Amino acid sequence: MAWSEFAITPPGTVTAIKTLFETLQSGLETMLNYAKAQAALAKVLADGPNAQLLALEATMDEILADIEALQVGGLSGIIAHPYAEGIVAKYDRVLYSMMLSPSSALIQVNQAFDDEGDLKRPTGVGNWGGIVIVGACIGFEGFYPLLNALGNFFSLEDLKALGKQLEKRWQTIDTGVKPEVKLSSGLDFFGVTQAELFPTYNAMLERIKRYALGAKQAIISASGSLDDIMAFIDSQLQELIDIVDLIDAYLASFIFNLEGSGVHYQVFPKDSNTIESIKTGLMADYPVAWGSQPYSVVFGLFGSDAGIEKLSSFMGL
């Protein structure tokens, strides 16, 4: 796969989970309102409340299966930018800034795979998958918004901190004063989880999972008593409404704002790649624009299990 323009859309499975919860909410409200409208509760429910509860339990199982499909374990990550420890970059004496072209950054990421002193680098002869994102721009003034956007989307605190430092540098260039900029984290690979990259998203999934597990158990416990069934249904409605609102808020915030900067990505499917083929792919088919963009940042994620494919699917790549 060649490099492609990077765009993010809300994950389809999250939208599907929202639909399940909306359907569940509607079904519970219908059951509850119908039952409450009748004088003889036992007669109203005599046609098969257990069948209705079994349908609700099946919905909970479907929700739990979807949550499982969205959650990812450990990955190997790497970040390259002009201020990373160990990176080879150029220095602009006019702007007092470091420069790193996309091709140079990718060459150094490629070399990091062969660093035997890095105990967290991907190794082995089996299949590996990856997602590599490259942000590049022509001017220094476009670089710190790029770092901020990537840092905010992936919850990468080092990138956010560096972006803020470089923003301050850009604001003081006219004074002729050379400000100090701290060096960010190094070029070594590091371990990272989906929960660390997307903490708000992970918290949402955990809340949905807790609800589904608890509701499933309540269905099992309540099925022998009509009063318990009604109490259970009544107690679930507000929580369902809150969860649907939570999913809505998350989907609305699932935006990758790069303020017009060009970002490219490449996905390496696990079932057809190894570390060596990933390294080869990193060096191929560079976008023409990269030849005139001296500022760049590279963020790579790699995994040898299904997690990397789940993450790719979640991101809509």
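Residues numbered from 1 in each chain as written. Predicted model: local features only at pLDDT ≥ 70, side-chain atom pairs only at ≥ 80, totals over all residues. Heavy atoms only, no water.

### Let's talk about the overall build of the chain
Here's step 1: Per the secondary structure count, the chain includes 11 helices and eight strands.
Here's step 2: Classification of the 317 residues of the chain by burial places 49% in the buried group.
Here's step 3: Accessible surface, the chain as shown: approximately 14,800 Å² in total, 53% of it carbon and sulfur. (Helix = DSSP H or I, 4+ residues; strand = E, 2+ residues; numbered from the N terminus. Buried < 20%, exposed > 50% of the residue type's maximum accessible area, 1.4 Å probe, protein only. Areas by Shrake-Rupley, 256 points an atom, 1.4 Å probe, with all protein chains shown as cover.)

### A few points about the confidence of the model for the chain
Here's step 1: Averaged over every residue, the pLDDT of the chain is 75; residues scoring 70 or more account for 69%.
Here's step 2: Element-level pLDDT for the chain is lowest in helix α2 (residues 41-45), with a mean of 45, against a maximum mean of 94 in helix α10 (residues 275-282).
Here's step 3: Here residues 37-46 is modelled with pLDDT under 50, and outside its nearest four sequence neighbours on either side it reaches nine contacts, counting other chains as well. (pLDDT = per-residue confidence, 0-100. Contact = heavy atoms within 4.5 Å.)

### Some thoughts on the side chain of Asn273
Here's step 1: Topologically, Asn273 is positioned in the loop between β7 (262-268) and α10.
Here's step 2: Judged by its relative accessible area of 10%, Asn273 is buried.
Here's step 3: A distance of 2.8 Å separates the side chain of Asn273 from the side chain of Ser277, its partner in a polar contact.
Here's step 4: Setting aside anything within four residues of it in sequence, one finds Asn273 in contact with Gly126, Asn127, Trp128, Phe268 and Ile278. (Polar contact = N/O pair within 3.5 Å; in protein donor to acceptor, adjacent residues only side chain to side chain.)

### Describing the pairing of β7
Here's step 1: Most of β7 sits out of view: six of its seven residues are buried.
Here's step 2: As judged from the two bridges shared by strand β1 (residues 4-5) and β7, these two strands associate in the antiparallel manner. The residue of β7 that forms the bridge with Ser4 is Tyr265.
Here's step 3: The sheet contact formed by strand β5 (residues 129-137) and β7 spans seven bridges and is antiparallel. Looking across to β7, one finds that Ile133 is bridged to Tyr265. (Pairing = 2+ DSSP bridges.)

### Comments concerning helix α4 (residues 102-112)
For an α-helix, 3.6 residues make a turn, and residues three or four places apart therefore share a direction.
Here's step 1: Inspection of α4 places Pro102, Ala105, Leu106, Gln108, Val109, Asn110 and Ala112 among the buried residues, and these make up the whole buried set.
Here's step 2: Check the buried side of α4 and you find it contacts β2 (74-80), β5, α10 and β8 (295-303).

### Notes on the sheet that holds β2
The strands making up a sheet associate through hydrogen bonds between their backbones, and the pairing can be parallel or antiparallel.
Here's step 1: The strand order β1-β7-β5-β8-β2-β6 describes an open sheet built from six strands, whose pairing is antiparallel. Because the sheet does not close on itself, it has two edges, and the strands there are β1 and β6 (190-193).
Here's step 2: Along the sheet face, α4 touches β2, β5 and β8 and points at about 30° away from the line of β8.
Here's step 3: Sheet strands touched by α10: β5, β7 and β8. Its angle to β7, the strand with the most contacts, is close to 155°. (Axes fitted to C-alpha atoms, helices over the stretch in contact; angles between N-to-C directions.)

### Quick notes on the pairing of β8
Here's step 1: Of all nine residues in β8, nine are buried; the element is thus mostly enclosed.
Here's step 2: By the alternation rule, side chains of β8 split into Tyr295, Val297, Phe299, Leu301 and Gly303 and Ser296, Val298, Gly300 and Phe302, which are all buried.
Here's step 3: Pairing analysis gives five bridges linking β2 to β8, with the strands arranged antiparallel. The residue of β8 that forms the bridge with Ser76 is Phe302.
Here's step 4: Where β5 lies against β8, nine bridges are found, and the strand directions are antiparallel. Counted as the bridge partner of Gly135 is Val297 from β8.

### Quick notes on the side chain of Gln266
Here's step 1: Following the sequence through the fold, Gln266 ends up in strand β7.
Here's step 2: There is a polar contact of 3.4 Å between the side chain of Gln266 and the backbone oxygen of Gly281.

### Topic: the packing of helix α5 (residues 143-154) against helix α6 (residues 157-172)
Here's step 1: At a minimum axis separation of 8 Å, α5 and α6 run at an interaxial angle of 160°. As summarised for this structure, α5 and α6 are arranged roughly antiparallel, according to the angle between their axes. Judged by the sense of rotation from one axis to the other, the crossing of α5 with α6 is left-handed. On the side of α5, the interface is formed by Phe143, Tyr144, Leu147, Asn148, Leu150, Gly151 and Asn152, while α6 contributes Leu159, Lys160, Leu162, Gly163, Lys164, Leu166, Glu167 and Trp170.
Here's step 2: For the contact of α5 with α6, the class distribution of residues is eight nonpolar, four polar and three charged. (Parallel < 35°, antiparallel > 145°, perpendicular 65-115°, else oblique. Left-handed = near helix turned anticlockwise from the far one by under 90°. Nonpolar A, V, L, I, M, F, W, Y, C, P; charged D, E, K, R; others polar.)

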